Structures are given as C-alpha cells and as structure tokens.
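Residue strings, one per chain:
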Amino acid sequence: MAAPRVAVYTRISRDDEGEGLGVARQRQDCERLTDLRGWAVAKIYEDNDVSAYKRHVRRPAFELMLSDLADGLIDGVVAYDLDRLARQPKDLERLIDLYDERKRRMFATVTNDVNLGTADGRTMARVMVAFANKSSHDASRRIQRKHLELARQGKSSGGPAPYGWQKDGRKVDLVAAEHIRAAQKQLLAGVRIGTIRTDWQRRGLAHPREGTTRLPHHLVERMLTNPRLCGYRTYRGEVLLDDDGHPVIGAWDPINTVEEWEAVCAVVAERKQKYPGRSLARKYLLSGIARCGLCHAKIRGQINRHRSPNSKGASFSYQCSVVNGGCGKVGRAGEAVDEFVISLVLAEQRERAASTTVREGEPWPNASELAEVEADIAALTQAAKAKEITVSTLLQLLPDLERRRDELKLERGRFSKARHQAASPSVDTLEDFLSLPLERQQALILHSLSAILIHPAGRGVRKFDPSLIEPVWR
Ligand SMILES: [Zn+2]
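Residues numbered from 1 in each chain as written. Predicted model: local features only at pLDDT ≥ 70, side-chain atom pairs only at ≥ 80, totals over all residues. Heavy atoms only, no water.

**Here we look at the overall build of the chain**
Then comes step 1: When helices and strands are tallied, the chain shows 14 helices and 12 strands.
Then comes step 2: In the chain, which comprises 474 residues, the proportion classed as buried is 42%.
Then comes step 3: In the chain, 63% of the contacts between residues at least 6 apart in sequence involve partners at least 24 apart.
Then comes step 4: When the accessible surface of the chain is totalled, it reaches about 26,000 Å², and 51% of it is carbon and sulfur. (Helix = DSSP H or I, 4+ residues; strand = E, 2+ residues; numbered from the N terminus. Buried < 20%, exposed > 50% of the residue type's maximum accessible area, 1.4 Å probe, protein only. Contact = heavy atoms within 4.5 Å. Areas by Shrake-Rupley, 256 points an atom, 1.4 Å probe, with all protein chains shown as cover.)

Okay, here's the thing in structure tokens:
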C-alpha cells in the first residue's frame, strides 16, 4: 500500500520572533515528522499573514489545502502546532468537518499538542482555539489603550451624539435636554422608568434610529443616568478617573449639575435594591450572560413548548427576543450551548487553579519533582533547537515527560484548591458543577466570562456548531 500523502502547512505567527521558528524551520520539522510517521509530503502550503486570528483575513494556502483535502488530493495535514493551523473557531470547525467526513485522514503536529483524528483531540482543539482567541483578545486590549488615551483627554470617542446633544456631540440640544430634565424630575417624584418610556414612545422622543418606535427600557434608564449628563467622561461604561482620583471632565456642555445627576442615580439604584433581579428572571444558566451576536441584546432562555424539528429535542432555547429590545433573529438549542460553555469555563478554571501556587500553610510535597521534569523538558527542547538531538528523538522523549508534568500540575492544583477551598471558586467536574444552585453556577461562569455571544446559524442547519458560540473572556 502506498504511503499516505499529506500536506505540510506553515505560517509565521507573531509569537515566532526570537524563537527562530521561521517558515524554513517549521517546514523542516514538519517534513521530519512526516518521515517519522511513514507518510509522504504531497505539497507544502505556506501562508504569510501574521494574524490568523483576525476574522476577515483570508489565508489562500489554508483555503487551497481545505479544498484539496475535501477533493481527496491529499490524505491529511501536518503542521507545526495547532496555533499556526487555526486560530479562529470557524477555521477549526471547517477542518474538523473534513475529518468527521472521512475517518482515515492523517493528522499530526510537531509539538504534538493535539490530534484532530480523535474525538478527545477535537474537544481539546476547540478549547485551545478558544484560548488562543482569548490571548488575541488580550492583545487587542493593548490597542484599546489608545482609546483610553483619548478618553483621558476628555475627548469624545466618536460615533453619533447621544440624545440631549447636537450633532457635534458638544453643544446641548435644548429641546432634548428639556425632555431629559423633565423625565428626571418625574423619576425623583416616584414615577417609574417604564412609565416614562411609554410616554416617550407615544410622543416619539429619543428614538435610537430613525423610523423605529421601540425604546428599550435600559436605553431610557441610560439616557437619564448617563454620567455624560454632568460632564463626566466614561470609559467602558464606568466614570473615568484621573491620576488623582478625580473624574475626567469631557469637552462638552453638561445638562445636569453633579448633584442633580447623583440624585437621579441614587433613585434608580434604590429601586433596583428594592426589587432585585425582578426584571432579570434568571431561570436559565446563561440568561443575562448570553447576548445576541447580531444586535448584542441580552438573550434569555425560554421553554420550547412545541418541540419542532428545529429544537432538536432541546427542552429550552436561548432566543433573542423583540419583547426585550432585541432583533429576534437569533436562537439556539439551550442544552447544547450550556454544555459547551460549562466545558470551556471548567477547562479555564482548572488551568487557573493549576497555575496557582500555595500561598499559606504547608508546601506542596512534589514541587521538586515538578521542577526536575520541567528542567528536563527545557533541556531537551534546547538541545533540539541547537540541533544536538533530532526532532524525532525529541518527539520520542517528550510525550512521557509532558504527561508527567501535566499530572503533577493537576495534582498541585488540587492540593492548592483544597487549601483555599473558600477562596478558589473552581469546580472539578461537570457533575460537581451541575449539583450547585443556579446562582452559584452563574457566578462561576461570570468568574471566567463577561458574556457569551451567540452568532446566527444559517437556515436549516441542524448540527450544533460551537464555533458560533463566542466566549468573551474576562
Ligand atoms: Zn438579536
């Protein structure tokens, strides 16, 4: 039988600087691995972009490789690591689909980080890609410092002027400002926001977009309590403070004095305390955490009263709802979303626990063994880099050491968790998780994620697609 013919895929990643992992080196290592497995290199696919995690960057070689794989021109893929192959859940799912379709396809990475040929490997790959997205997200936070810089100078961050101001966002729109002040006065006199909202809708005031007549509750609340009203600059939803701890003052004319604004905020906060969570009705795990990928409104769970073929036997769905101010266009079977999100969160918290060191009490007894194993791994990797040993030797020695290292880390995590049971929120298994009260489950989710975006699935798509569930990591 002829040897399987596989693709070698290479791509420069931004982490490669200083690691000497140029394309030539990646290719060489991949070729050696292919050799080691007794396969033959059919073709080298090489992409040059440095940002596979950007959603809209097309990678021509990657696309060609997928279609060659689908057409049976190649029997599998060898890459340096998963990170170079797929950083977007969408790309990963397309690749996984091809491996699902035909079971005998080959797959290997030089770092041996994942195997798409097995179900466990695919789950692992999904979690890894979600993490890669998290670190890209961390990088994009650095870019956001630029926005923070603008904010510190009290400059507006662009976008349309909020209700109450003229188009330039600086001068007050006198008529709108009068409506705001009148509503605030009502609020102070005990009128509910819901009543003000109904009144504004009827009079056609402050519609977010022209032609719409709906005015979501939270938007009215925001318009009446926005820190901008008294001139405070906000950043990511919070009042921005300067180095001395004073609020940064924006470069626009205020509508309220600070005292007026604080009084309105106090009334709203007080009422929320009186009726906590009344409007939230959190009966489902991700209610209030899940958001619509199209309109970004919060999504709530709802019972599937009639089990249509579309509900896939699920007992409830997360559905973007017009009633709650959303577009109503996105929904997903509830159980599948919950299960995927729980597995992501547990994996993240396990990793976090494993990297926490013991801070008090007796030290973990196996610390020296772990240090030895890690030193061995470093020495081997170094030796391979210096070409003192071959990659195949490295690949033969590494897996056992890595397995031991991971076991030890897990053990240390458990040890540490036992010592800090109260402090650490981590839970080991799905069963543990599901045995907790719902509020506690939600707290655990919110410990790792600030939101879950549910992106629209095409019509008639029956299979649950985890790449359309986007975690927003904390
Ligand atoms: Zn929506």
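Let us keep going from here.
**Concerning the coordination of the zinc ion**
Then comes step 1: Within the protein, Cys-292 (SG), Cys-295 (SG), Cys-320 (SG) and Cys-327 (SG) serve as the donor atoms for the zinc ion, at 2.2 to 2.4 Å.
Then comes step 2: Around the zinc ion, the four donor atoms sit at angles spanning 100 to 114°, and that spread fits a shape best called tetrahedral.
Then comes step 3: Mapped onto the sequence, the donors of the zinc ion take the spacing C-x2-C-x24-C-x6-C. (Donors = N, O, S within 2.8 Å, 3.2 Å for Na, K, Ca; no water. Tetrahedral: all angles 85-135°; square planar, octahedral: opposite > 155°, others 65-115°.)

**Quick look at empty space enclosed by the protein**
Empty space among the atoms can be located by rolling a probe the size of a water molecule over them.
Then comes step 1: With the rule as written, the count across this model stands at four cavities of 30 Å³ or more.
Then comes step 2: Taken as a whole, the largest cavity spans an internal volume of roughly 90 Å³.
Then comes step 3: In this structure, the largest cavity is lined by Pro-89, Leu-92, Glu-93, Arg-126, Val-129, Ala-130, Phe-340, Leu-344, Pro-466, Ser-467, Ile-469 and Pro-471.
Then comes step 4: Within the residue set of the lining of the largest cavity, elements represented by two or more residues are helix 4 (89–101), helix 5 (119–152), helix 10 (334–355) and strand 12 (469–473).
Then comes step 5: Residue composition of the lining of the largest cavity, grouped by class: nine nonpolar, one polar and two charged. (1 Å grid on protein atoms, 1.4 Å probe; cavity = no way out; pocket = protein on both sides within 12 Å on 5 of 7 lines; lining within 4 Å. Points joined across faces, edges and corners; volume = space filled by probe spheres on them. Nonpolar A, V, L, I, M, F, W, Y, C, P; charged D, E, K, R; others polar.)

**Digging into the confidence of the model for the chain**
Then comes step 1: Looking at the chain, the pLDDT average stands at 79 and 77% of residues meet or exceed 70.
Then comes step 2: Helix 5 is the least confidently modelled element of the chain, averaging 67 in pLDDT, while strand 3 (residues 76–79) averages 95, the highest of any element.
Then comes step 3: This model gives residues 276–282 a pLDDT under 50, and the stretch forms seven contacts once residues within four places in sequence are excluded. (pLDDT = per-residue confidence, 0-100.)

**Here we look at the environment of Gly-334**
Then comes step 1: Mapped onto the elements, Gly-334 comes out in helix 10.
Then comes step 2: For Gly-334, a relative accessible area of 0% gives the class buried.
Then comes step 3: The spatial distance from the C-alpha of Gly-334 to the C-alpha of Leu-286 is 8.9 Å, given a sequence separation of 48 residues.

**Observations concerning the side chain of Arg-105**
Then comes step 1: Structurally, Arg-105 is set in the loop between helix 4 and strand 4 (106–109).
Then comes step 2: Polar contacts involving the side chain of Arg-105 include one to the main-chain carbonyl oxygen of Leu-69, which spans 2.7 Å.
Then comes step 3: A distance of 2.5 Å separates a polar atom in the side chain of Arg-105 from the backbone oxygen of Leu-98.
Then comes step 4: With near-sequence residues (within four places) excluded, Arg-105 lies in contact with Leu-69, Ala-70, Asp-75, Leu-98 and Tyr-99. (Polar contact = N/O pair within 3.5 Å; in protein donor to acceptor, adjacent residues only side chain to side chain.)

**Let's talk about the packing of helix 2 (residues 60–70) against helix 4**
Then comes step 1: Relative orientation of the contacting elements helix 2 and helix 4 amounts to 15°, with a least axis distance of 10 Å. Taken together, the axes of helix 2 and helix 4 are roughly parallel relative to one another. Note that helix 2 runs across helix 4; the crossing there is left-handed. Contacts between helix 2 and helix 4 pair Phe-62, Glu-63, Leu-66, Leu-69 and Ala-70 from the former with Asp-91, Arg-94, Leu-95, Leu-98 and Tyr-99 from the latter. (Axes fitted to C-alpha atoms, helices over the stretch in contact; angles between N-to-C directions. Parallel < 35°, antiparallel > 145°, perpendicular 65-115°, else oblique. Left-handed = near helix turned anticlockwise from the far one by under 90°.)

**Digging into the sheet that holds strand 9 (residues 316–319)**
The pairing of strands in a sheet comes from backbone hydrogen bonds and takes either a parallel or an antiparallel form.
Then comes step 1: Overall, antiparallel pairing links the three strands, which are arranged 8-9-10 in an open sheet. Every interior strand has two partners, whereas the edge strands, strand 8 (300–303) and strand 10 (331–333), have only one. Strand-to-strand twist in this sheet, taken as the mean axis angle between neighbours without regard to direction, amounts to 30°. (Pairing = 2+ DSSP bridges.)

**Focus on the pattern of salt bridges**
Then comes step 1: This structure, assessed with the given rule, holds 13 salt bridges.
Then comes step 2: One salt bridge in this structure joins Asp-81 and Arg-84, with 2.7 Å as the shortest N-O distance.
Then comes step 3: With relative accessibility at 3%, the residue Arg-84 sits in the buried group.
Then comes step 4: Salt-bridge contacts for Glu-178 lead to Arg-181; the nearest nitrogen and oxygen are separated by 3.5 Å. With Glu-178 and Arg-181 both in helix 6 (residues 174–188) and three residues apart, this pair spans about one turn of that helix. (Salt bridge = Lys/Arg side-chain N within 4 Å of Asp/Glu carboxyl O.)

**Remarks on helix 14 (residues 438–448)**
Then comes step 1: Looking only at helix 14, the buried set comprises Gln-441, Gln-442, Leu-444, Ile-445 and Ser-448. The arc that holds the buried residues of helix 14, viewed along the axis, is 155°, so those residues lie on one side. (Arc of directions from axis to C-beta.)

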